[in-house]
Every structure is written in structure tokens, then in C-alpha cells.
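Fold and geometry: a report
One letter stands for each residue in the lines below.
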Amino acid sequence: MGRGRAKAKQTKVARQLKYTNHNIDYDRLREELGADTGRDESHPVTASEQESERAQ
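1. Focus on the overall build of the chain
Of the regular secondary structure elements, the chain holds 3 helices and 0 strands. Helices (α) and strands (β) of the chain occur, in sequence order from the N terminus, as α-α-α. In the chain, buried positions account for 0% of the 56 residues.

Spelled out as C-alpha cells, the structure:
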């Protein structure tokens, strides 16, 4: 007994998180985290790019 009220609260909070529009400033977040803006980590360096960097 007593779990109904707690579960209702959890359900309410979960719905708010799911359906609320979260305005996130991704550029500011990148700056705060110190992300490198010059190169995206999701794209690995290819062999041809490495050769061109060595040539410079």
C-alpha cells in the first residue's frame, strides 16, 4: 500500500520530461564542454587526409 501516489508522481514527471520542449543551446554547450570546433570526432581521419597533413 502507498505506492499509488508515488507511481502517479513518477508518471507525471516522466510525461513532463517526454513532452516538454527543451530549448537547448548546443553551441553554448559545446563551448562549456570545451569541444573542438575544428574537427568533428565522429568522422575519423582518412589515409589521404593524413598524407596531406604530413605534406604540409
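2. Regarding a nonpolar patch on the surface
Together, Ile24, Tyr26, Leu29 and Leu33 give the surface a local cluster of nonpolar side chains, amounting to about 430 Å² of exposed area. Counting through the fold element by element, Leu29 comes out in helix α2 (residues 26-33).

3. Describing the pattern of salt bridges
Side-chain pairs of opposite charge can arise where the charged atoms are in close proximity. The final tally for this structure, using the stated rule, is 2 salt bridges. We note a salt bridge from Asp27 to Arg30, for which the minimum N-O separation is 2.8 Å. Here Asp27 pairs with Arg30, and both are found in helix α2, just 3 residues apart, close to one helical turn. Owing to a relative accessible area of 44%, Arg30 belongs among the partly exposed residues under this scheme. Between Glu32 and Arg28 there is a salt bridge, with the nearest N and O atoms lying 3.3 Å from each other. Pair noted here: Glu32 and Arg28 are both in helix α2, with a separation of 4 residues, about one helical turn.

4. Quick look at the confidence of the model for the chain
Here the chain averages 80 in pLDDT, and 71% of its residues register 70 or above. No element of the chain has a lower mean pLDDT than helix α3 (residues 47-55), which averages 69, and none a higher one than helix α1 (residues 3-19), which averages 92.

5. Re α2
Counting buried residues along α2, only 0 of its 8 residues qualify, which leaves the element largely exposed. After α2 finishes, the residue Gly34 shows a positive phi value of roughly 75 degrees.

Definitions and limits used
Residues numbered from 1 in each chain as written. Predicted model: local features only at pLDDT ≥ 70, side-chain atom pairs only at ≥ 80, totals over all residues. Heavy atoms only, no water. Helix = DSSP H or I, 4+ residues; strand = E, 2+ residues; numbered from the N terminus. Buried < 20%, exposed > 50% of the residue type's maximum accessible area, 1.4 Å probe, protein only. Patch = residues over 30% accessible without salt bridge, like charges linked within 9 Å, V, L, I, M, F, W, Y side chains within 5 Å. Areas by Shrake-Rupley, 256 points an atom, 1.4 Å probe, with all protein chains shown as cover. Salt bridge = Lys/Arg side-chain N within 4 Å of Asp/Glu carboxyl O. pLDDT = per-residue confidence, 0-100.

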